[in-house]
Amino acid sequence: MITQFTPISALAGGIMIGLSAVLLLLTSGRIAGISGILGGVLAPRHGDVSWRILFIAGLLTGPLLYALMVGGLPDVTIDDSLPLLVVAGLVVGFGTRLGSGCTSGHGVCGLARFSPRSLAATGIFFAVAVVTVFVSRHVVGV
Amino acid sequence: MGNKIMSLVAGLLFGFGLTLAQMVNPQKVLNFLDFAGTWDPSLAFVLGGATITAAIGFRLAGRRAAPLFADRFQLPTAKDIDTPLVGGAVLFGIGWGLVGLCPGPAIASLAIAPGSVAVFVLALIAGMLLHRLLATRGVGSAGAKATSR
């Protein structure tokens, strides 16, 4: 499916994501990595859960706030089969915990901290994702 | 209390930004990854805008001895590019490339397209729990000390 190139809203949205990460670090001293924040809820430590749940609640509500303030929501098109969604969810969940981060923790926050580990992780998951998309769209032909 | 309110505000800002940037739509993500097909460079602008903003803000925040509402900054301390990091990134890349959903946009898009996304998010949680189970039992490389991001 073709999507429009939207540089302005992409940049503006990106800046908001960056500001979110700065706000969390400045106020709580924590890294805004979604897999890490969610992972910490699933492996709870005393006194370290409520801020995570509140961040996730905000993340869930953000699109609704957008609908209220801007009006309308972007398309979310998912036409994958149920088994594919399950497999993808499992490997993303397992992989982000094993690798200590995802697009937000390694991609945004890690790169912003000039972390060599995050640079390596980001390079690897982007490269692997590009190959995966190439195979699934152009070789297997889903 | 202040840090909890600010966590909620940070989450809202994150979800709002993902929505504005249309990163809640896996097709935008998959098209960024599809150089050989319907390429859409938008994601580079999202990641670029977010990373540059965070780099400047982190530098300014780091001038403080401590965060506003906590006693210390809790930053990742691991330095090695080890097997769990590489293996985890490979697995994540495969799953991300298969459907175009990563944890942040998956949670945010629950509010927009609950059906299919809920399946993905439940599987994501199951995958994280599976990792925890293996890590606490010390099985293989998953037993490496989990550093949280």
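Residues numbered from 1 in each chain as written. Chains lettered and ligands numbered in written order. Predicted model: local features only at pLDDT ≥ 70, side-chain atom pairs only at ≥ 80, totals over all residues. Heavy atoms only, no water.

## Let's talk about the overall build of chain B
The line we're drawing: Counting from the N terminus, the helices are DSSP H or I runs at least four residues long and the strands are E runs at least two residues long. Exposure is judged per residue with a 1.4 Å probe applied to protein chains only, and the accessible area is read against the type maximum: over 50% gives exposed, under 20% gives buried, and values in between give partly exposed. Here, residues are in contact when the closest pair of their heavy atoms is within 4.5 Å. Accessible areas in this description were obtained via Shrake-Rupley with a 1.4 Å probe; residue shielding takes into account the shown protein chains only. Neither His nor the chain ends is counted toward charge; the positive residues are Lys and Arg and the negative residues Asp and Glu. A charge is said to be at NZ when it belongs to Lys, at CZ for Arg, at CG for Asp and at CD for Glu.
Across its full length, chain B carries 6 helices and 0 strands. Along chain B, helices (α) and strands (β) appear in the sequence α-α-α-α-α-α when read from the amino end. Reported as C-alpha extents along the three principal axes, the dimensions of chain B are approximately 50 × 40 × 30 Å. Buried residues in chain B amount to 48% of all 149 residues. A fraction of 41% describes how many contacts in chain B between residues 6 or more apart in sequence connect residues 24 or more apart. Accessible area for chain B stands at about 6,300 Å²; split by element, carbon and sulfur atoms hold 66% of it. Taken together, the 11 basic and 5 acidic charged side chains of chain B have centroids lying 12 Å from each other.

## Topic: the packing of helix α3 (residues 50–69) of chain A against helix α1 (residues 2–20) of chain B
Here is the rule: Simply put, an axis is a line fit to the C-alpha atoms, just over the touching stretch for a helix, and the angle between two N-to-C directions goes from 0 to 180 degrees. Any angle from 65 to 115 degrees is called roughly perpendicular, while one under 35 is roughly parallel, one over 145 is roughly antiparallel, and all others are oblique. Should the near helix be turned anticlockwise from the far one by less than a right angle, the crossing is termed left-handed; should it be turned clockwise, right-handed. For this classification, Asp, Glu, Lys and Arg are treated as charged, while Ala, Val, Leu, Ile, Met, Phe, Trp, Tyr, Cys and Pro are nonpolar and the rest, including Gly, are polar.
The contact between α3 of chain A and α1 of chain B brings their axes to 6 Å, and the two run at 45°. Classed by the angle they form, the pair α3 of chain A and α1 of chain B counts as oblique. In the crossing of α3 of chain A with α1 of chain B, the sense of the turn from one axis to the other is right-handed. When the residues that make up the contact of α3 of chain A with α1 of chain B are grouped by side-chain class, the tally is 16 nonpolar, 8 polar and 1 charged.

## Notes on the packing of aromatic side chains
Inclusion rule: Paired rings are identified among Phe, Tyr and Trp, the last through its six-membered ring, by centres lying within 6.5 Å, and are further divided according to the angle between planes into stacked (under 30 degrees), edge-to-face (over 60) and tilted (the rest).
Taken as a whole and judged by the stated rule, the model has 12 aromatic pairs over all chains. For the ring pair F55 of chain A and F14 of chain B, a centre distance of 6.0 Å and an interplane angle of 70° mean the geometry is edge-to-face. In this pair, F55 of chain A is assigned in helix α3 and F14 of chain B in helix α1, connecting two distinct chains. With respect to class, F55 of chain A is no different from F14 of chain B; both count as buried. Following the ring pairs from residue to residue traces out a cluster consisting of F125 and F126 of chain A together with F32, F35, W39, F92 and W96 of chain B.

## Regarding the interface of chain A and chain B
Convention followed: Throughout, the accessible surface (probe 1.4 Å) given up by two parts as they are put together, summed over both, is called the buried area. By definition here, a salt bridge exists when the distance from a side-chain nitrogen of Lys or Arg to a carboxyl oxygen of Asp or Glu is within 4 Å. In protein, a polar contact means a hydrogen-donor-capable atom and an acceptor-capable atom, both N or O and within 3.5 Å, with residues adjacent in sequence counting only if both atoms are side-chain atoms; elsewhere, any N or O pair within 3.5 Å suffices.
Of the residues lining the interface, 116 residues belong to chain A; the matching set on chain B comes to 112 residues. Surface buried jointly by chain A and chain B totals about 10,300 Å² across both partners, of which 76% is contributed by carbon and sulfur atoms. Counting the surface chain A buries against chain B, the share from its top three residues, F94, L98 and R117 of chain A, is 7%. On the surface where chain A and chain B come into contact, there are 2 salt bridges. With a closest N to O distance of 2.8 Å, D34 of chain B and R137 of chain A form a salt bridge. One can count 24 residue pairs in polar contact (both at pLDDT 80 or more) joining chain A with chain B. Of all the secondary structure elements, the ones that give two or more residues to the side of chain A that touches chain B are α1 (7–28), α2 (34–42), α3, α4 (82–98), α5 (103–112) and α6 (116–139) of chain A. Considering only residue class, the side of chain A that touches chain B consists of 69 nonpolar, 38 polar and 9 charged.

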